[in-house]
Each structure stands twice: as structure tokens, then as C-alpha cells.
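One letter stands for each residue in the lines below.
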Protein chains: 2
Amino acid sequence: MLDLAILGLLEERDLHGYEIRRQLRDGLGLLANVSFGSLYPALARLERAGAVMATEPVDRGAPTRSPVPPTGSLSGERAVLRARRLAGNRGRRSKKVYRITDAGRRMFADLLAGTGSADDARSFGLKLAFARHLAPSARLALLERRRVQLRQSLDDVRAAAHDDALDVYARSVVEHTAEGVEQDIRWLDRLIEGERANGAGPEDRPREGAGTR
Amino acid sequence: MLDLAILGLLEERDLHGYEIRRQLRDGLGLLANVSFGSLYPALARLERAGAVMATEPVDRGAPTRSPVPPTGSLSGERAVLRARRLAGNRGRRSKKVYRITDAGRRMFADLLAGTGSADDARSFGLKLAFARHLAPSARLALLERRRVQLRQSLDDVRAAAHDDALDVYARSVVEHTAEGVEQDIRWLDRLIEGERANGAGPEDRPREGAGTR
DNA sequence: CTTCGTTATATCGATTCGATATACTAGGGA
DNA sequence: TCCCTAGTATATCGAATCGATATAACGAAG
């Protein structure tokens, strides 16, 4: 899930972890508010899998220092770092800038088109946010798969609403959930209609429509 | 999160794990469909914490058998079980029926009233579903806390929508998210109004003011 | 000069999920 | 009779994610 988001951003340009988080939060809002506790392990995972590679930023004067070895005393470690700083190491904290690889691009395409684990609202929202990378037919398929899932969800939640053992509060929760699903379905229907209108053209032309930024 | 749901159901009556899952799924729908991979660890956790206790169901003819020891051969283990069955052990698979303790009831009250980790939609929905166990003032406080959070979310997601680097698909996702939050707020407003109308009655006098002081 | 806010990477424990294994019963055909 | 499936029931495993926390550097404010 996170992998998709990371690779999607790296398709555009090279980024470091902090920047990835910011773009996800500022760009997609709540939907993609990801914590560092999942982001950094995810980046390490993707690097291990060969989907991304870490590149040293060029603006460093000195090569990356090895981590400070534990001395058993906090002040000891601080002393080491202070010595380094005073010794003329004026470089910034090393940023690890990540670049997507060919394998990563393949992985992104698979994640985006694949039917696996697209069943929660967040995964779907993320996929749709990157839907410009899909061929029109695959985009339509994504929307229709999601619609089928939501129809099923609506049936389930309506069945739950018929349970007469619910008190006012539980019932309100269930009914509000149903309304949310209905709104989702109407949204999907508008998107599907739009896709069909657009896709009426002759061929799949992946003409890019995103801003350059 | 799961702890709250489990304790809430056990407040009503004793239940075993499978039944807890069914009631959560059938009663609250999507909001509370929980997997066994979280349910059973949660029950073990609560038992360790002394919040619930496992009681043997009375309808067993024989005491619970110890687990079949590994013989190194599958057919060997099957043979043991077959022998048991043929020997007259007609009992069902042992169900572990859980009962809430006094400590569990206290824990439930704390989880329900506590402001901690109430920030996601699922936790809030769950709390509201059990809101009949709250004093009217605490119920109102829960709703108003949630409303503040949603207002903040709405600001965030609207800020995201102003990002002009978004293509049509990403923008649609963000706008739909905003609509969902708006709908949530309207729902909350209806609930809050209902609470105020109800709470005007002489019923519940909470003594210590849950609001302004 | 010290404190504060921001940028930046990283790890930890806890929770949750999905998949899987095991055990038992009941019913429906072949 | 014998097997196959479906339902009930408990349990564990690995992986993903979160929230909290630690560490580090730096510029601006005071």
C-alpha cells in the first residue's frame, strides 16, 4: 500500500523520505497521511527489493560519516559529533535521495493494475490518485472492480441495519456508514461515466495530463 | 480499539470468540469486521490483564481433553482423535466462553470515556455504537471532540485541494474525501442537536460539570 | 548563547490483518 | 457406507502500519 505511493511519487522525480511524506500529506490529505514508522521501513524494503536506489546528494563536501558507535555514554557520543563539527565538517545531515529503478517501475505498474488488496478505501484512493499512469481500459476496470465491492458492502451494511437489537446510537452509526457507501457509489458512477465519455475515442493514448512540478 | 468492542459486547452477555466476531460483523457491518488474527490475541491479552475470564461451558460431558501430542505422523494424531471419538467422547469442540470482570468493566468505562486514540473514524464509530453506556454529558463531549477533529481534517483536506499540481484523478480523490468529511460533520451536528434536546430533561444530573467551568 | 522550530533519518513495541493449520460436526450425494 | 463440502471453533505466523521516541543538524528568535 505504501509501496505504491512511494513508487508513484518517485516516478515523477527523485525524493528523500521526509519529502515523500510531505508530498503525500499535502497532496492527498488524510488519505495518505503516513507515519515515519512505516515510511522508512518501506523505503528500506523497496531498496532491498531493488525497486529503488539511494543516491548521495551532490551538495555534500565530505562523504557520509559512519554512524557514531555507541560508547556507553551519551556525552561520549555527543563529544564525537562535536569534534566532527569543529573539525570542519560543515555538511548538512545526509539526505538519502531515492531514485526508482526499472524493476521499481515494473513493480509500480503491477501494483497499480493488480487486483490484489484493492479492497479498502485507502488503497483504492491511492490507486485512483495515480490513475493517470494507467491505460484507459485499466482505469475503467479499476473503477468497476471497486464498484462491485461497494455494492457488496452496501448489501452487508443494510443487512446490519435490519438488526433490531441495535439501540439508537449503534443504529445511527450503521445508517451513516450506509450513507457513506452510497455516496461513494454515486461518485464512482460519475467517474465511470466520465471515463466512458473520454474513452469513446479510437485508441489508448497515454497523453500525460499532469502538471510538471 | 478491539478491546473496547470486545468488552462492550461482554457487558451484555458472556460470549466465545467466534460469536464475538459474528456479532461485530452482523451488528455493525464494515465498521467492525475483525479478523481472527486480531481477535484471539486480543482475548488472550484481556485475559492476561484480568479484564475477562474464560469459563468452561457446562454442556460438556467430559472435561476438556489435553491437546493431541505431536507423534511425528499426521495419521498417528488422527488415530488418537478417532479413538477418543469412538470411546464415547461426544462433546463438541471446546468453546472458551468469556465473561467480563469488574476490572474489565472499569477498563471499558475508561476506554469509552477516555480521549486517547479516538482520532480515527473506526474508533469513534465504535465508541458511539456503545454510547448508551455513557452519561449524557460524556456522550455530548465525545461528539464535540470528534467534531473538532473533523473541522481540522476538513481544513487540511481543503488545503490539499488547493494544490494545483494535482491531475484530474488525484483532485477527484481529494474532493471526494472533503465531501465525506462534510457529510460526517453534518451527521455529528444532527447527533449533537439531538443530545442537547434530550439532555434538557431532568434525567441525568452529572454534578461535576463536563463542560465549562 | 541558549532555546525553539523545522528538517531529517531511524528504531521500538504494540496492534491489526490475511493466510494458514487444526479440530470437530452435520448434511448431501455417489 | 464413505467421502466431500460447508460451517463452527480456536490458534499462530509473518508482514504492515502506527505512535512514540531518539538522534542529529541548523537557522532564527530572544
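This text follows the structure it describes.
As the structure is a prediction and not an experimental result, all values here were calculated from the model.

Considerations on the overall build of chain A
Along chain A, the regular secondary structure elements total 8 helices and 3 strands. By the burial criterion, 38% of the 213 residues in chain A qualify as buried. As displayed, chain A offers around 12500 Å² of accessible surface, 52% of which is attributable to carbon and sulfur atoms.

With respect to the nonpolar core
Among the nonpolar cores identified, the biggest contains 101 residues, and A:Ile6, A:Ile20, A:Leu128, B:Ile6, B:Ile20 and B:Leu128 are the most heavily contacted of them. Residues from two domains meet in this core; each of domain 1 (1–57 + 96–114) and domain 3 (135–204 + 209–213) of chain B gives at least three. In this view, B:Ile6 contacts B:Ile20, B:Leu39, B:Ala42, B:Leu43 and B:Leu46; residues no more than four positions away in its chain are not counted.

Topic: a nonpolar patch on the surface
On the surface, a cluster of nonpolar side chains totalling about 300 Å² of accessible area is made up of A:Tyr18, A:Phe36 and A:Tyr40. On the accessibility criterion, A:Tyr40 (39% relative accessible area) is partly exposed.

Some words on the relation of the copies chain B and chain A
Superposing chain B onto chain A takes a rotation of 180° combined with a translation of 0.0 Å along the rotation axis, leaving an RMSD of 0.1 Å. Here the symmetry operator amounts to a two-fold rotation axis. Within chain B, B:Gly180 has its C-alpha nearest the rotation axis, a separation of 3.5 Å.

Some details on helix α2 (residues 17–28) of chain A
Residue and element names in this part refer to chain A. With 12 residues, α2 extends 16 Å from end C-alpha to end C-alpha; this agrees with the ideal 16 Å at 1.5 Å per step. Those residues of α2 lying buried are Gly17, Glu19, Ile20, Leu24, Gly27 and Leu28. One side of α2 carries all its buried residues, which in axial view fall inside an arc of 165°. Where α2 ends, the next residue or the one after it, Gly29, has phi of about 70°, a positive value.

Quick look at the pattern of salt bridges
Pairing of side chains with opposite charge becomes possible as their charged atoms draw close. All chains considered together, the criterion is met by 24 salt bridges over all chains. Between A:Arg132 and B:Asp167 there is a salt bridge, with the nearest N and O atoms lying 3.0 Å from each other. Pair noted here: A:Arg132 is in the loop between α6 (121–129) and α7 (136–161) and B:Asp167 is in the loop between α7 (136–161) and α8 (168–199), and the two residues belong to different chains. Note that B:Arg99 is salt-bridged to B:Asp14, the shortest N-O span being 2.6 Å. One end of the pair, B:Arg99, is in strand β3 (residues 97–100); the other, B:Asp14, is in the loop between α1 (2–12) and β1 (15–16), with 85 residues separating them in the sequence. By relative accessible area, B:Arg99 is classed as partly exposed at 39%. When its relative accessible area of 29% is taken as the criterion, B:Asp14 is described as partly exposed. Through salt bridges with shared partners, a single ionic network connects A:Glu12, A:Arg132 and B:Asp167.

Section: the packing of helix α6 (residues 121–129) of chain B against α7(B)
Residues and elements named next belong to chain B. Where α6 meets α7, the axes come as close as 11 Å, and the angle between the chain directions of the two elements is 160°. Taken together, the axis directions place α6 and α7 in an arrangement best described as roughly antiparallel. In this structure, the crossing between α6 and α7 has a hand that is left-handed. Taking contact as the criterion, the partners of Ala121, Phe124, Lys127 and Leu128 in α6 are, on α7, Leu142, Leu143, Arg145 and Arg146.

Overview of the interface of chain B and chain A
With 34 residues of chain B at the contact, the number on the chain A side is 37 residues. Between chain B and chain A the total buried area reaches about 3000 Å² when both faces are included, carbon and sulfur atoms providing 61% of it. Per-residue buried area on chain B facing chain A is highest for B:Leu30, B:Tyr169 and B:His176; these three make up 23% of the total on that side. Between the two partners, chain B and chain A, sit 2 salt bridges. Run the count over chain B and chain A and you get 10 residue pairs in polar contact (both at pLDDT 80 or more). Looking at the side of chain B that touches chain A, the elements that each hand over two or more residues are α2 (17–28), α6, α7 and α8 of chain B.

Remarks on the packing of aromatic side chains
Under the definition given, this model contains 8 aromatic pairs over all chains. Ring centres 5.6 Å apart and planes at 25° place the aromatic pair B:Phe36 and B:Tyr40 in the stacked group. Placement of the pair is B:Phe36 and B:Tyr40 together in helix α3 (residues 36–48), with a separation of 4 residues, close to one helical turn. On the basis of relative accessible area, B:Phe36 is assigned to the partly exposed category, the value being 30%. Ring plane angle 85° and centroid distance 6.2 Å describe the contact between B:Phe124 and B:Trp187, whose orientation is recorded as edge-to-face. Linking B:Phe124 in helix α6 with B:Trp187 in helix α8, this pair joins segments that are 63 residues apart in sequence. Each member of the pair, B:Phe124 as well as B:Trp187, is classed as buried. An aromatic cluster is built from A:Tyr18, A:Phe36 and A:Tyr40, whose rings are joined through pairwise contacts.

Reading guide: rules and limits
Residues numbered from 1 in each chain as written. Chains lettered and ligands numbered in written order. Predicted model: local features only at pLDDT ≥ 70, side-chain atom pairs only at ≥ 80, totals over all residues. Heavy atoms only, no water. Helix = DSSP H or I, 4+ residues; strand = E, 2+ residues; numbered from the N terminus. Buried < 20%, exposed > 50% of the residue type's maximum accessible area, 1.4 Å probe, protein only. Areas by Shrake-Rupley, 256 points an atom, 1.4 Å probe, with all protein chains shown as cover. Core = buried A, V, L, I, M, F, W, Y, C linked by side-chain atoms within 4.5 Å. Domains from an automatic or database assignment. Contact = heavy atoms within 4.5 Å. Patch = residues over 30% accessible without salt bridge, like charges linked within 9 Å, V, L, I, M, F, W, Y side chains within 5 Å. Salt bridge = Lys/Arg side-chain N within 4 Å of Asp/Glu carboxyl O. Least-squares fit on C-alpha atoms with pLDDT ≥ 70 in both. Expected span 1.5 Å × (residues − 1). Arc of directions from axis to C-beta. Axes fitted to C-alpha atoms, helices over the stretch in contact; angles between N-to-C directions. Parallel < 35°, antiparallel > 145°, perpendicular 65-115°, else oblique. Left-handed = near helix turned anticlockwise from the far one by under 90°. Buried area = accessible area lost by both parts, 1.4 Å probe. Polar contact = N/O pair within 3.5 Å; in protein donor to acceptor, adjacent residues only side chain to side chain. Phe/Tyr/Trp six-rings, centres within 6.5 Å; stacked < 30°, edge-to-face > 60°.

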